Amino acid sequence: MKTVAGRRPAAVGPYVTLLAAAMVCALLCLASGRAEATTASAGRVLGLDWRVANDRAALVIGVAGRPAFAVRDLDGEPPLLVVDVLGSPLPSGLVLPLTAGEAGLRRVSWEHQAGSGLTRIVLELEAPVSYRVRFDALTSCVLVEIDYQVIRVAHEGEGNDSRLLIETNGPVSYHMVPPGGNGRLVIDVPCAGLSPHQPAGSFAVRGSPVRRVTVTAGQPGGVRIAVDVDPTVVPYPVHDGRGLQITFTPRVRKVSLRMAGGAPQLVVLTTTRVGVQAAFLLRPARLVLDLQGASLALDVPPELEGVGAVTAVSVTQQTDPLAVRIVVGLGQYAGHVANWSQAGTVLRVDFPLPDLRGVVVAVDAGHGGYDPGALSRSGLQEKDVTLDLALALGARLRQAGATVVQTRTEDVFVSNERRAEIANTARARVLISIHLNSYRDPSVRGAETYYSRVNRGGAGLAEHLQASLVERTGLWDRGLRTEEFVVLREAAMPAAMVEALYLSSPDDAALVADPAFRERLVEGIFAGLLSYLAVHGKR
């Protein structure tokens, strides 16, 4: 293998056309001051290709045989890199997969000089580059390898929005040494050079965790960027094909979960106070906390075991936008309270126990008296099961401090108009009507919840009840339905009808015959109401 390597020399004279293969070595000596002889013979030039890889790009000249070749770079505007290969013309219709700017290359042109037998390939550059040219016998091609360059180092933003930009003209690799006690971050780009547009030097930064940035050309090669920073921040790098962006962010140092005052408490330790965006989501029930603009310390575990009503906690790094995301799984959600310590380095998120004092809830047991509702093959009557569930739900609500109004407490018939009237008279915050379903096909099973389109707030209540009921019981989720039932349409407050399951399904009927499963149904409805009130308010 014959290799020609070198950086751009000082300006050289006019480029002399090669007239014969025997002149190749002399021309190489003239162009770079060093050369190795190549076999002085002509060959066939088969094609061109442009390859972009980590740390350098290459123009690939496919050849047959081992033709003589020479290279020279020419000063001027624009700078040129000229490669002559002794051989036949390039095939017609050739197209290079080249994106302007890659490795500082603007365009490539070529021509065949019939008199000398040379194929000349001209690379037009944005700036002088470091390059090497070699013949690869294994692949039978001449490689013109061009090193990438660091073309810009700059600081943007201020405060927690501070970032360092390291722009390159190709996909470079880098090595970053995080700041230690001295607060100095070091980024080495080992296989790149400095563009003439980005000279070595340093600059100071104000109003930012970054204090000073120093750019130097490495020895024997590469580029080093040293950044003096506040040691309490975390450098968060995002690497793409054309450089590196480092955001200097507050750090989340620790996340823990404990019981405090009989209720779960999430504790987050940070280097400084950050903005927190919180959202409660269903399916499954969870609270999502985004600590905006923060980065996660490497030793923070990604998952925590749950305690109390918190089933689990996960901690992840988000990149777009930058945030630490904490997802708190919840078996029951009655709201949360988040507070920062006075120093702004400890965030405590409390999940209080249910407190429904001052909340009036209307609970409606479907059917009753001479109206049995649906029947199961085993003899269960809907009116009996709904009354049992309604009474149990009422007791659970009273335990949490609510005032409960029940449309019936015994096996009597109550008209639908009267049921809505009872809830309206009591000025209830919500109305929950409990039913069981039936269908001619016994294979149909599962839970569904109804709301009226004219009932304000009913859709939201139905969504919380349905999601919680399915999550707690594992019943088949038949989703939300709309129907203008009188009890829903005439209610003056948010109202929803839970069709908990199908008595016509032998499987569902067997489930609801079990008192333990009925308790799960009640807890599902109760948890759905809690989360609805936590999101939409108790008043």
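Residues numbered from 1 in each chain as written. Predicted model: local features only at pLDDT ≥ 70, side-chain atom pairs only at ≥ 80, totals over all residues. Heavy atoms only, no water.

Colleague: Sorry, what's going on with the confidence of the model for the protein chain here?
Modeller: Detailed reading of the predicted model is not advised wherever pLDDT is low. On average, residues of the protein chain score 88 in pLDDT, and 92% of them reach the 70 mark or higher. Scored below 50 in pLDDT, residues 1-40 makes 98 contacts in the model with residues more than four places away or belonging to other chains. (pLDDT = per-residue confidence, 0-100. Contact = heavy atoms within 4.5 Å.)

Colleague: Looking at this model, I keep getting lost on the environment of Leu-48. Mind explaining?
Modeller: Secondary-structure assignment places Leu-48 in strand β2 (residues 44-53). Leu-48 sits in the buried class, given a relative accessible area of 9%. Each C-alpha atom of the pair Leu-48 and Gly-401 lies 80 Å from the other, and the pair is 353 residues apart in sequence. Non-local contacts of Leu-48, meaning those with residues more than four positions away in its chain, are made with Val-60, Ile-61, Leu-90, Leu-94, Leu-96, Trp-110 and Ile-121. (Helix = DSSP H or I, 4+ residues; strand = E, 2+ residues; numbered from the N terminus. Buried < 20%, exposed > 50% of the residue type's maximum accessible area, 1.4 Å probe, protein only.)

Colleague: Quick question: what am I supposed to make of the side chain of Thr-407 here?
Modeller: Take Thr-407: it is sitting in the loop between β30 (403-406) and α3 (416-425). A polar side-chain atom of Thr-407 sits 2.5 Å from a polar atom in the side chain of Asp-364. Once residues within four sequence positions are removed from consideration, Thr-407 is found in contact with Val-363, Asp-364, Ala-365, Val-414, Arg-419 and Ile-422. (Polar contact = N/O pair within 3.5 Å; in protein donor to acceptor, adjacent residues only side chain to side chain.)

Colleague: How should the packing of helix α4 (residues 458-473) against helix α7 (residues 515-536) be read in this particular structure?
Modeller: Packed helices, taken two at a time, are described by the angle between their axes plus the distance between the axes. Here α4 crosses α7 at 140°, and the two axes come no closer than 7 Å. Regarding the angle of α4 to α7, the classification is oblique. When the axes of α4 and α7 are compared, the crossing they make is right-handed. Its residues placed into classes, the contact of α4 with α7 shows ten nonpolar, eight polar and three charged. (Axes fitted to C-alpha atoms, helices over the stretch in contact; angles between N-to-C directions. Parallel < 35°, antiparallel > 145°, perpendicular 65-115°, else oblique. Left-handed = near helix turned anticlockwise from the far one by under 90°. Nonpolar A, V, L, I, M, F, W, Y, C, P; charged D, E, K, R; others polar.)

Colleague: Teacher, can you tell me more about the environment of Gly-222 here?
Modeller: Note that Gly-222 resides in the loop between β15 (210-217) and β16 (223-229). Assessed through its relative accessible area of 10%, Gly-222 is described here as buried. Expressed as a C-alpha distance, the spacing of Gly-222 and Thr-407, which sit 185 residues apart in the sequence, is 80 Å. Apart from the residues lying within four places of it in its own chain, the contact partners of Gly-222 are Val-189, Pro-190, Ala-192, Thr-216 and Ala-217.

Colleague: Just checking my understanding: could you explain the sheet that holds β30 for this structure?
Modeller: Backbone hydrogen bonds are what pair the strands of a sheet, in a parallel or an antiparallel way. Across the sheet, which stays open at both edges, the six strands sit in the order β30-β29-β31-β34-β32-β33 with mixed pairing between neighbours. Edge positions in the sheet fall to β30 and β33 (477-482), since each of these pairs with one other strand and no more. Strand-to-strand twist across the sheet, computed as the mean angle between neighbouring axes with direction ignored, equals 20°. Sheet topology note: the strand β31 (residues 430-437)/strand β34 (residues 495-502) ladder contains six bridges and is parallel. Considered in β34, the bridge of Asn-437 is made with Tyr-502. (Pairing = 2+ DSSP bridges.)

Colleague: Is there a simple way to think about α3 in this case?
Modeller: Along an α-helix, residues three or four positions apart point the same way, because every turn accommodates 3.6 residues. Residues of α3 that are buried include every one of Arg-419, Ala-420, Ile-422 and Ala-423, and no others. Burial along α3 is one-sided: seen end-on, the buried residues are contained in an arc of 155°. Those residues of α3 that are buried lie in contact with β29 (360-365), β30, β31 and α5 (486-489). Backbone geometry just after α3 places Arg-427 at a positive phi near 50°. (Arc of directions from axis to C-beta.)

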